[in-house]
Amino acid sequence: MIKRVVMRRALWESRQFGRCRRGYSQSADACAAADDVSLFPKLPPFDYTPPLYEGPTAAEILAKRKEFLSPSMFYFYNKPVNVVHGKMQYLFDENGRRYLDAFGGIATVCCGHCHPDVVKAIVHQTNTLQHSTILYLNHAITDFAQALASKLPEDLKVVFFTNSGTEANELAMMMARLYTGCHDIISLRNAYHGNASGTMGATAQSNWKFNVTQSGVHHALNPDPYRGEFGSDGEKYAKDVQDLIQFGTSGNVAAFMSEAIQGVGGIVELAPGYLPHVYNSIRKAGGVCIADEVQSGFARTGIHFWGFQTQGVIPDIVTMAKGIGNGIPLGAVVTTPKIAEVLTRRSYFNTFGGNPVCTAAGLAVLRVIERENLQENAHVVGSYLKDRLNDLKDKHQIIGDVRGRGLMLGVELVTDRVLKTPAKVEIARVMEHMKDLGVLVGKGGFFGNVFRITPPLCFTKEDADFLVDVMDYAIEKL
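None of the values given here were measured: they were computed from a predicted structure.

Participant: Quick one: what's the story with the overall build of the protein chain, residue by residue and with numbers?
Facilitator: For the protein chain, the count of helices and strands is 15 helices and 18 strands. By the compact-globule yardstick of 23 Å for 478 residues, the protein chain fits well, its C-alpha radius of gyration being 23 Å. Classification of the 478 residues of the protein chain by burial places 54% in the buried group. In the protein chain, 73% of the contacts between residues at least 6 apart in sequence involve partners at least 24 apart.

Participant: So, the pattern of salt bridges: which residues are in play, and what are the values?
Facilitator: Under the counting rule described, the total for this entry stands at 15 salt bridges. In this structure, the salt-bridge partner of Lys-157 is Asp-155, at a minimum N-O distance of 3.9 Å. With relative accessibility at 38%, the residue Asp-155 sits in the partly exposed group. A salt bridge links Lys-395 to Asp-472; its shortest N-O distance comes to 3.0 Å. Here the residue Lys-395 occupies a position in helix 13 (residues 374-395), and Asp-472 occupies one in helix 15 (residues 461-476), the gap between them amounting to 77 residues. On the basis of relative accessibility, which here comes to 15%, the residue Asp-472 falls in the buried class.

Participant: Give me the lowdown on the sheet that holds strand 16 (residues 439-440), citing residues and values where you can.
Facilitator: Read from one edge of the open sheet, 4 strands run 1-2-3-16, paired in mixed fashion. Strand pairing shows two members of the sheet lacking a second neighbour, strand 1 (83-87) and strand 16, which therefore form its edges. Direction of pairing for strand 1 relative to strand 2 (residues 90-93): antiparallel, over a ladder of 4 bridges. Note that in strand 2 the partner of Val-83 across the bridge is Asp-93.

Participant: Account for the confidence of the model for the protein chain, naming residues and giving values.
Facilitator: Confidence along the protein chain averages 93 in pLDDT terms, with 92% of residues attaining 70 or more. For residues 1-7, every residue scores under 50 in pLDDT, and the model assigns this stretch 5 contacts once sequence neighbours within four places are set aside. A low-confidence stretch, residues 9-30 stays under pLDDT 50, and its non-local contacts, those more than four residues away or across chains, total 26 contacts.

Reading the values: rules and limits
All residue numbers refer to positions counted from 1 along the written sequence of the respective chain. In view of the model being predicted, local features appear only for residues whose pLDDT reaches at least 70, and side-chain atom pairs are presented and counted only at 80 or more, with totals across whole chains, interfaces and linings using the full set of residues. In computing side-chain values, all of the structure's heavy atoms are included and hydrogens and water are not. Comment: elements are numbered from the N terminus, with helices defined as DSSP H or I runs of at least four residues and strands as E runs of at least two. The reference for a compact globule is 2.2 Å times residues^0.38; the radius of gyration itself is calculated from the C-alpha atoms. A 1.4 Å probe rolled over the protein chains alone gives each residue an accessible area, and that area as a share of the maximum for its type sets the label: buried under 20%, exposed over 50%, partly exposed in between. When checking whether two residues touch, look at their non-hydrogen atoms; a contact exists if any pair is within 4.5 Å. Only one rule defines a salt bridge in this text: a Lys or Arg side-chain nitrogen within 4 Å of an Asp or Glu carboxyl oxygen. Here, strands pair whenever DSSP counts at least two bridges between them. Values of pLDDT, which run from 0 to 100, indicate the predictor's confidence residue by residue.

Spelled out as structure tokens, the structure:
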């Protein structure tokens, strides 16, 4: 068994150096540096050895994926990574190579991969009762609902469980329309709220929208401090929402929906002071305010548990998913008792929403966040990482902007800082090189030129140093 692991490692190393000799994906400079590995940034020590992997190879999986899975499913990197094991903030490939996970399964893994407490809760509940139905009583769903409600302000205490963020946002939009008796919803340009019929309407990026019926949604100017028309003046952007109400609707609306930090949109934090003015306009027009916390919730922003708190507002409906379950398919809508009543007008049911295994996992996640002070860690390490990334911006002209909060950070690459020309080709090359050096990071934004840094909240300062050093090295090799 040990021999096989050694052979896998030797095979990986021979492939890397062989690639250099054949001149595949790495630059000549990077290949030359391969002869002196001391030049490479070093992964922080981690006292863990993954179990031996004996499954199919990356090539075999890729072949099956192409044959049996939807062609719409894309993947990162010229040569996709076969991720076979995870532990806390690290992932391992088929050869046992360790990678720093700076993407967290798209802002989903908050406690860390395979956190023992979360795994224990899942296994225990699976052995006890895997599934029944909410038509019977079970304490798992009520225990988690109570704990979740305790993390939200004021009267936000009625919970509806779903399986994903798209489901949660679809339900929130329907509830807003039922409660207000209006159909019109306002969301932001550059927003992403899901890929079902209603949420696709609220999404405002053409590359995520199919040509199907999407009615009743108006898209306001995005209060983007970096690319927006009014810079960081939130009040000026908010006037566009008032204009939409007056000139695009009957004067009454169902809701306003937004993320506090746009995730898919490229980690765009809304301009300061924007939401208080918008919420005021929406409520005067009879609407409710929906906070999409699918990516920014669950302590990721550091100072606050929820993204909307960074703007000093209290929404009427909050949606969440991703970090809520640390990778378990789980989402939720939390609202007030008065708004929640609208679903009693007909029968509303979700077969898997509130599943005992998923809610047991959710409760374990909340307890880990609190016990291990992950919100504080997200703030401390995230602030340190952002400072280091800003130092990197001072060094490299290709970095146009560093933004975000806590461990939800974005680094936008541009070929011209004045024109803010998206560096679409360059970011792909840097990302590929970072993978080769041991860092997995996401990318997004409408132009696909923004690094999305959303690691597990157990990320350390040593991890942050390694990430920045690798990014620095990769940019220098452009």
